[in-house]
Amino acid sequence: MNQNSCDVLIVGGGPAGLAAAIALRLQGADVLVADALKPPIDKACGEGLMPDARRDLAALGVDCEPGDGARFRGVRFISWTGGEQVSAFADFPSGEGLGMRRTVLHARMVERAVELGVRLRWNTHVALGSGVSLNGEACRYSFLVGADGQSSRVRAWAGLDRCRLISKRFGFRRHYRTSQPGEFVDVHWCALGQVYITPVARGEVCVAVVTRHSATRMHEVLDAIPHLRERFFGQPKSTGERGALTTTRRLTRVTSGNVTLIGDASGSVDAVTGEGLAIGFRQARLLGRSLAEGSLDLYAAEHDSTLQMPRRMARGLLLADQHPSMRSAAMRVLAASPKLCRGMLQVHMGEASLRQLVLRDGAAIVKGLLCPGISASDIERAST
């Protein structure tokens, strides 16, 4: 076998690229992954896998060991506006989430890819010109998949750069040692942005900050919330601070001839949704089904559906970020009705449709938003 000849060449060996490689290998394709870096590949993110992401990962045969991370049972939102604290929480309707270091997840995905016979080329420079070469040697392939992130070179090379940039924000991440990791992903919300606290191991949490203010830094957002300032001041840090951009980007097309895009290269949603990894896993399985039919037609037709609901959720959450009064009203409704909170979580993870939620609980949502003084029991009655 020519080492630079394959059915599918995947440029980018992060989670989206490895998920695509695994899905395609399960369909019998000869897959070659090339990346300029070498494992473990890290990236600033919240490091929480929701139950839907865990299910998609399990469908690819990626097994996570009990010691790989920390389980969490739901999500808790805490809004801090004008000194007022309002909180709402919901357990996941089905399954548990798993917080795990990005490097640990990457290692498990590499193991699965190797087990299936995916060929991995690390420390490899991919040159894109009249042809494609790996470390200066020409590569032959039937299909090429760009999994090289938000600043994708494959996307530009294939002429797929036409897009609409809907939002751009700034993210930071650091790990802290703590005696109380917790059972929830906590999302703290203040004027400067959001802080996500995810248990990732026994005695360790991932603290991720996202802000729309380019000049704002991680410590400023933490300091803006007295509870977090007290909790983490002086606590031992197990990693340094790492930063990244987070965007909501919609591409006009994701395929051109025998070239396609996956993961953030193919369009993205703001990190506020927590769905970035899940989207990549779903796209990988879709791509596997498409190429099993011998073309990219199915992938091109259905790709947008993998981003549709996360985009809607991002739009609503970003509006709440920009308008504190809207956020406060929404938080009061959710705090007063755990049923509504669970319903929103189900929609967020694709376990229920937005239409179902509106038909079932629309009256309660409108009543809660228009009547700030309404009691929790009245909101619950309106949703029955």
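In the block above lies the structure referred to throughout.
Residues numbered from 1 in each chain as written. Predicted model: local features only at pLDDT ≥ 70, side-chain atom pairs only at ≥ 80, totals over all residues. Heavy atoms only, no water.

A. The packing of aromatic side chains, seen in detail. Evaluation of the coordinates by the stated rule reveals three aromatic pairs. On the numbers, 5.8 Å between centres and 55° between planes, the contact of F72 with F92 is tilted. Linking F72 in strand β4 (residues 70-72) with F92 in the loop between β6 (84-91) and β7 (97-99), this pair joins segments that are 20 residues apart in sequence. Side by side, F72 and F92 carry an identical accessibility label, which is buried. Ring centres of Y176 and F232 lie 4.7 Å apart, and the angle between their planes is 45°; on these two criteria the pair is classed as tilted. On the criterion of sequence distance, the pair formed by Y176 in strand β13 (residues 163-177) and F232 in helix α6 (residues 226-232) is long-range, its members being 56 residues apart. The same class applies to Y176 as to F232, namely buried. (Phe/Tyr/Trp six-rings, centres within 6.5 Å; stacked < 30°, edge-to-face > 60°. Helix = DSSP H or I, 4+ residues; strand = E, 2+ residues; numbered from the N terminus. Buried < 20%, exposed > 50% of the residue type's maximum accessible area, 1.4 Å probe, protein only.)

B. Structural context of the packing of helix α2 (residues 51-59) against helix α7 (residues 276-292). Where α2 contacts α7, the axes come no closer than 9 Å and their chain directions differ by 35°. Between α2 and α7 the crossing geometry is left-handed. Contact with α2, carried on its side by D52, A53, D56, L57 and A59, involves A278, F281, R282 and R285 of α7 and no other residues of that element. Classifying every residue of the contact of α2 with α7 by side-chain character gives five nonpolar, no polar and four charged. (Axes fitted to C-alpha atoms, helices over the stretch in contact; angles between N-to-C directions. Left-handed = near helix turned anticlockwise from the far one by under 90°. Contact = heavy atoms within 4.5 Å. Nonpolar A, V, L, I, M, F, W, Y, C, P; charged D, E, K, R; others polar.)

C. Fine view of the state of the cysteines. Applying the stated criterion across every chain yields a total of zero disulfides. As a non-bridged cysteine, C45 has C206 as the owner of its nearest cysteine sulfur, 6.6 Å distant. Judged by its relative accessible area of 17%, C45 is buried. Cysteine C139 remains unbridged, with the sulfur of C6 as its closest cysteine sulfur at 4.6 Å. (Disulfide = S-S within 2.5 Å.)

D. Quick look at the pattern of salt bridges. Per the counting criterion, the structure on display carries 23 salt bridges. Note that R285 is salt-bridged to D56, the shortest N-O span being 3.0 Å. Taken together, the positions of R285 in helix α7 and D56 in helix α2 put the pair 229 residues apart, joining distant regions of the chain. On the accessibility criterion, D56 (10% relative accessible area) is buried. (Salt bridge = Lys/Arg side-chain N within 4 Å of Asp/Glu carboxyl O.)

E. Representation of the sheet that holds strand β3 (residues 48-49) within the structure. Strands sit in the order β3-β7-β4 across an open sheet of three strands; the sheet is antiparallel. Where the open sheet ends on each side, the last strands, each with one partner, are β3 and β4. In this structure, β4 lies alongside β7, joined through three bridges in antiparallel fashion. Bridging from a neighbouring strand, R71 pairs with L98 of β7. (Pairing = 2+ DSSP bridges.)

F. Representation of helix α1 (residues 15-26) in the model. Between its first and last C-alpha atoms α1 spans 16 Å; for 12 residues at 1.5 Å apiece the expected length is 16 Å, and the two agree. Across the 12 residues of α1, 10 count as buried, placing the element largely inside the fold. Buried within α1 are the following residues: P15, A16, G17, L18, A19, A20, A21, I22, A23 and L24. Those residues of α1 hidden inside the fold are in contact with β1 (5-11), β2 (31-34), α3 (102-116), β8 (119-121) and α7. (Expected span 1.5 Å × (residues − 1).)

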